[in-house]
Amino acid sequence: DMPEQRAIARILSDLDAKIELNHQMNKTLEQIAQALFKRWFVDFEFPGHEKIKFVNGIPEEWEKVPLTDVVDVLGGGTPSTTEPSFWGTELPFFTPKDVADACYVIETEKGITLKGLENCNSQKYPRNTVFITARGTVGKVCMAGCEMAMNQSCYAIRSKSGNGQQYYIYHLIKSLADQLTQNAHGTVFATITTETFRKTQATRPSKKVLDAFITRVEPFYDLILSNMQEARKLTQIRGSLLPRLMSGKIRVKNK
């Protein structure tokens, strides 16, 4: 009856509202982090910049280097698609299709088994590994929200200084994505290669400023990932509740 329909609608509406709130919160948090990155590492307005001497347009303790001096550029691979034992749900398998409008990827269209991982050229990449699409849809950037393998149409980017700097590396690669895409080459389709990374220049900041940036933004990304995981669970709950509510298997009281 209509009162029960309204009660069902309220439940679904509340779930939808919380999911949307999480998405909006994440968007705001990433915008803040992006603005902070630009202010500190593009405009050079980091804390204490007034007391720093600039040489050739950058702070004297900083340096211009090839991007490959800052990061390791790692590849991926695909296990045989004709071997069923290579494919399953043990490990998410990232491809360009999995890039979404979010900084993290926490779900992938396909998954592989550990046996599949042993039979392809991908490593098991840890959380916060930066992925950039290199073929087809070129220059899309995101981070792994959990351990993942990756196909050969992407590159995995890891800081040479350890996992703690991955938030900076994410913003650095995003800021250079257009340049990497413009420098991509190919006879049929544009392709980013390891040579593209070697020819791209990056500014390596001082450790003090870099550590301060990581300290500021790390809580943002912890919350973003938590919000995404919560939104995924709420979406699953909504999907399982809806048919039960509509069929009457679960009844709600109109208050």
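The structure we're discussing is the one just above.
Residues numbered from 1 in each chain as written. Predicted model: local features only at pLDDT ≥ 70, side-chain atom pairs only at ≥ 80, totals over all residues. Heavy atoms only, no water.

Q: Residue-level account of the overall build of the protein chain, with values.
A: When helices and strands are counted, the protein chain shows five helices and 12 strands. Along the three orthogonal principal directions, the C-alpha set of the protein chain runs to about 75 × 50 × 30 Å. Taken across its 255 residues, the protein chain has 42% of its residues classed as buried. Sequence separation of at least 24 residues holds for 72% of the intrachain contacts in the protein chain that already meet a minimum separation of 6. Taken as a whole, the protein chain presents about 14000 Å² of accessible surface, with 51% of it coming from carbon and sulfur. Of the charged side chains in the protein chain, 33 are positive and 28 negative, and the gap between their average positions amounts to 3 Å. (Helix = DSSP H or I, 4+ residues; strand = E, 2+ residues; numbered from the N terminus. Buried < 20%, exposed > 50% of the residue type's maximum accessible area, 1.4 Å probe, protein only. Contact = heavy atoms within 4.5 Å. Areas by Shrake-Rupley, 256 points an atom, 1.4 Å probe, with all protein chains shown as cover. Lys, Arg positive; Asp, Glu negative; His and termini not counted. Charge placed at Lys NZ, Arg CZ, Asp CG, Glu CD.)

Q: Which residues make up the packing of aromatic side chains, and what values go with them?
A: Counting across every chain of the model gives 19 aromatic pairs. Here the aromatic rings of phenylalanine 41 and tyrosine 168 are separated by 5.0 Å at their centres, their planes lie at 65°, and the arrangement is edge-to-face. Taken as a pair, phenylalanine 41 in helix α1 (residues 2-42) and tyrosine 168 in helix α3 (residues 166-182) lie far apart in primary sequence, 127 residues in all. Residue classification places phenylalanine 41 among the buried positions, given a relative accessible area of 8%. (Phe/Tyr/Trp six-rings, centres within 6.5 Å; stacked < 30°, edge-to-face > 60°.)

Q: Could you give an account of the layout of surface pockets, naming the residues involved and the relevant values?
A: In this structure, the largest pocket encloses a volume near 690 Å³. Counting residues per element, the ones that place at least two in the lining of the largest pocket are α1, β6 (104-105), α3 and α5 (207-247). In terms of residue count, the dominant contributor to the lining of the largest pocket is α1 (eight residues). Grouping the constituent residues of the lining of the largest pocket by class yields 13 nonpolar, five polar and nine charged. (1 Å grid on protein atoms, 1.4 Å probe; cavity = no way out; pocket = protein on both sides within 12 Å on 5 of 7 lines; lining within 4 Å. Points joined across faces, edges and corners; volume = space filled by probe spheres on them. Nonpolar A, V, L, I, M, F, W, Y, C, P; charged D, E, K, R; others polar.)

Q: Give a detailed account of the nonpolar core, specifying residues and quantitative values.
A: Counting 47 residues, the largest nonpolar core has Tyr104 and Tyr221 as the members making the most contacts within it. Counting residues per element, the ones that place at least two in this core are α1, β8 (130-133), β9 (141-144), β11 (154-159), α3 and α5. The residues touching tyrosine 104, leaving out its near neighbours within four places in the chain, are Arg127, Asn128, Met143, Ala144, Gly145, Tyr167, Tyr221, Ile224, Leu225 and Met228. (Core = buried A, V, L, I, M, F, W, Y, C linked by side-chain atoms within 4.5 Å.)

Q: How would you explain the packing of α1 against α3 if you had to name every residue and give the values?
A: To characterise two packed helices, one gives the angle between the axes of the helices and the distance between these axes. With their axes 11 Å apart at the nearest point, α1 and α3 run at an angle of 75° to one another. Here α1 lies roughly perpendicular to α3, going by the angle between them. For the pair α1 and α3, the contacting residues are Glu30, Ala33, Gln34, Phe37 and Phe41 in the first and Tyr168, Tyr170, His171, Leu172, Lys174 and Ser175 in the second. Here the residues of the contact of α1 with α3 sort into six nonpolar, three polar and two charged. (Axes fitted to C-alpha atoms, helices over the stretch in contact; angles between N-to-C directions. Parallel < 35°, antiparallel > 145°, perpendicular 65-115°, else oblique.)

Q: Residue-level account of the sheet that holds β11, with values.
A: Pairing is mixed in the open sheet, where five strands are placed in the order β4-β11-β8-β9-β6. The open sheet terminates on both sides in strands that have one partner only, identified here as β4 (71-74) and β6. Where β6 meets β9, two bridges bridge the pair, whose relative direction is parallel. Paired with tyrosine 104 across the two strands is methionine 143, which belongs to β9. (Pairing = 2+ DSSP bridges.)

Q: Break down the environment of threonine 82 for me, with residues and values.
A: Its location among the elements puts threonine 82 in the loop between β4 and β5 (87-94). Looking at threonine 82, the relative accessible area reads 68%, which means it is exposed. Once the C-alpha coordinates of threonine 82 and valine 138 are considered, the two residues, 56 residues apart in sequence, prove to be 27 Å apart.

Q: Outline α1, supporting the account with residue identities and numerical values.
A: Between its first and last C-alpha, α1 extends 58 Å over 41 residues, near the 60 Å set by a 1.5 Å rise per residue. Among the residues trailing α1, phenylalanine 44 stands out with phi positive, at a value near 60°. (Expected span 1.5 Å × (residues − 1).)

Q: Requested: an account of the pairing of β5, with residues and values cited.
A: Direction of pairing for β5 relative to strand β7 (residues 110-112): antiparallel, over a ladder of four bridges. For leucine 91, the partnering residue across the bridge sits in β7 and is isoleucine 112.

Q: I'd like a rundown of the environment of glutamine 165, residues and numbers included.
A: Residue placement: glutamine 165 occurs in the loop between β11 and α3. Along the backbone, glutamine 165 and valine 70 are 95 residues apart, and their C-alpha atoms lie at a distance of 10 Å. Once residues lying within four places of it in the same chain are set aside, the contact partners of glutamine 165 are Ser159, Leu210 and Ile214.

Q: Now, about the packing of α1 against α5: what can you tell me, with residues and values included?
A: Remark: α1 packs on α5, axes separated minimally by 9 Å, with the N-to-C direction vectors making an angle of 165°. Between α1 and α5, the angle falls in the class roughly antiparallel. Crossing of α1 against α5: the hand is left-handed. When its residues are assigned to classes, the contact of α1 with α5 shows 30 nonpolar, five polar and six charged. (Left-handed = near helix turned anticlockwise from the far one by under 90°.)

Q: Any chance you could break down the sheet that holds β7 for me, citing the residues and the numbers?
A: With respect to topology, three strands assemble into an open sheet ordered β7-β5-β10, the strand pairing being mixed. Strand pairing shows two members of the sheet lacking a second neighbour, β7 and β10 (149-150), which therefore form its edges.

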